[in-house]
Structures are given as structure tokens and as C-alpha cells.
Amino acid sequence: QVQLVESGGGLVQAGGSLRLSCAASGSIFSINVMGWYRQAPGKQRELVATITSGGSTNYADSVKGRFTISRDNAKNTVYLQMNSLKPEDTGVYYCSAGLYSTGASHIQYYWGQGTQVTVSS
């Protein structure tokens, strides 16, 4: 089985910073893509940023220039550095990973349990 465990959420004032971490563990052969999504109250879950095993990144327009995604392949961990936070960044942030588990022939996608980020004005 595979688990994704997030950490680093919390309450911060507008303009502040937070760093999220997500560690994948279990029967993992290789991880292709890791990413962060968020869901605000009453809204659908949306993409924040993704990063491939080769380091290619993709960001939502709303976070470009403020958020930075990175990963440590040796630790199966992805990070999200969030700077210049705005109240509209408030939501539950979920980690996701597309990976091959040991013995698997196709990619499967896993989600973490989510971590709350609240930005006060």
C-alpha cells in the first residue's frame, strides 16, 4: 500500500509564507509526477502545481511567481513554498502522486489526507 502524508499547513497573515511537505511511502517502484491541489470552501478542487520526476513544473496562473514546487526524488517528497500569500489562497491543500507501485504495470494516482491553509486579511 502507498501513503501520502502532508505537513506544514497553518494560519498565516496575508503577505506571509508557508512551506508544505508531502512524503510518499510504501510499496513504491517509481513516482512519475507529484503535485499539489487545493479546495476552498464551496468550490471544486483545483490544480496548484505539479512537478515531474525530471523536474518539469506546471503552475496555476493564480500562483505563478508566488509559489514554488520542488521535490526530493531520493526521499519521495514534494514541497510547496508559498510566498506572498493572499486570503484567496485559503483552503485544504492536497498532495497527489502518480506512481508505479511495486509489481504494478500501470500508473496509479494517490492522494494525501489534506492540510488546512488559512490566510487572514
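Look above for the structure.
Just so it is clear, the structure is predicted and the values come from calculations on it, not from any experiment.

*Asks:* Honestly, the environment of Ser30 in this entry has me stumped. Any pointers?
*Replies:* Within the secondary structure, Ser30 sits in strand S4 (residues 28–39). Considering only alpha carbons, one finds Ser30 and Asn76, 46 residues apart in sequence, at a separation of 8.9 Å. In contact with Ser30, other than residues within four places in its own chain, are Leu99 and Tyr100.

*Asks:* Explain the state of the cysteines here, please?
*Replies:* Structurally, a disulfide amounts to a covalent bond that connects the sulfur atoms of two cysteines. All chains considered together, the criterion is met by one disulfide. The partner cysteine of Cys22 in its disulfide is Cys95, sulfur to sulfur 2.1 Å. Residues Cys22 and Cys95 share a disulfide whose torsion about the S-S bond is about -80°; that sign makes it left-handed. Of this pair, Cys22 sits in strand S3 (residues 18–26) while Cys95 sits in strand S9 (residues 91–101), and the two are 73 residues apart along the sequence.

*Asks:* Would you explain the nonpolar core in this entry?
*Replies:* Side chains that are nonpolar tend, in soluble globular proteins, to be buried together. Counting residues in hydrophobic clusters, the biggest one holds 30 residues, and the most contacted among them are Trp36, Leu80, Met82 and Tyr93. When residues of this core are traced back to their parent elements, those giving at least two are strand S1 (2–7), S3, S4, strand S5 (46–52), strand S7 (67–72), strand S8 (77–82), S9 and strand S11 (115–120). If near-sequence neighbours (up to four positions away) are discounted, Tyr93 is found in contact with Glu6, Leu20, Trp36, Tyr37, Arg38, Val48, Phe67, Leu80, Met82, Gly114, Thr115 and Val117.

*Asks:* Looking at this structure, I do not really get unusual backbone geometry. What am I missing?
*Replies:* Working note: non-glycine residues mostly have negative phi, and peptide bonds are mostly trans. A positive phi angle, close to 50°, is found at Asn76, a residue other than glycine. As for its position among the elements, Asn76 is in the loop between S7 and S8. Judged by its relative accessible area of 24%, Asn76 is partly exposed. A positive phi angle is found at Ser84, which is not glycine, with a value near 50°. Residue placement: Ser84 occurs in the loop between S8 and S9. A relative accessible area of 40% places Ser84 in the partly exposed class.

Conventions adopted
- Residues numbered from 1 in each chain as written.
- Predicted model: local features only at pLDDT ≥ 70, side-chain atom pairs only at ≥ 80, totals over all residues.
- Heavy atoms only, no water.
- Helix = DSSP H or I, 4+ residues; strand = E, 2+ residues; numbered from the N terminus.
- Contact = heavy atoms within 4.5 Å.
- Disulfide = S-S within 2.5 Å.
- Core = buried A, V, L, I, M, F, W, Y, C linked by side-chain atoms within 4.5 Å.
- Buried < 20%, exposed > 50% of the residue type's maximum accessible area, 1.4 Å probe, protein only.

Purely spatial values, then, with no claim about function.
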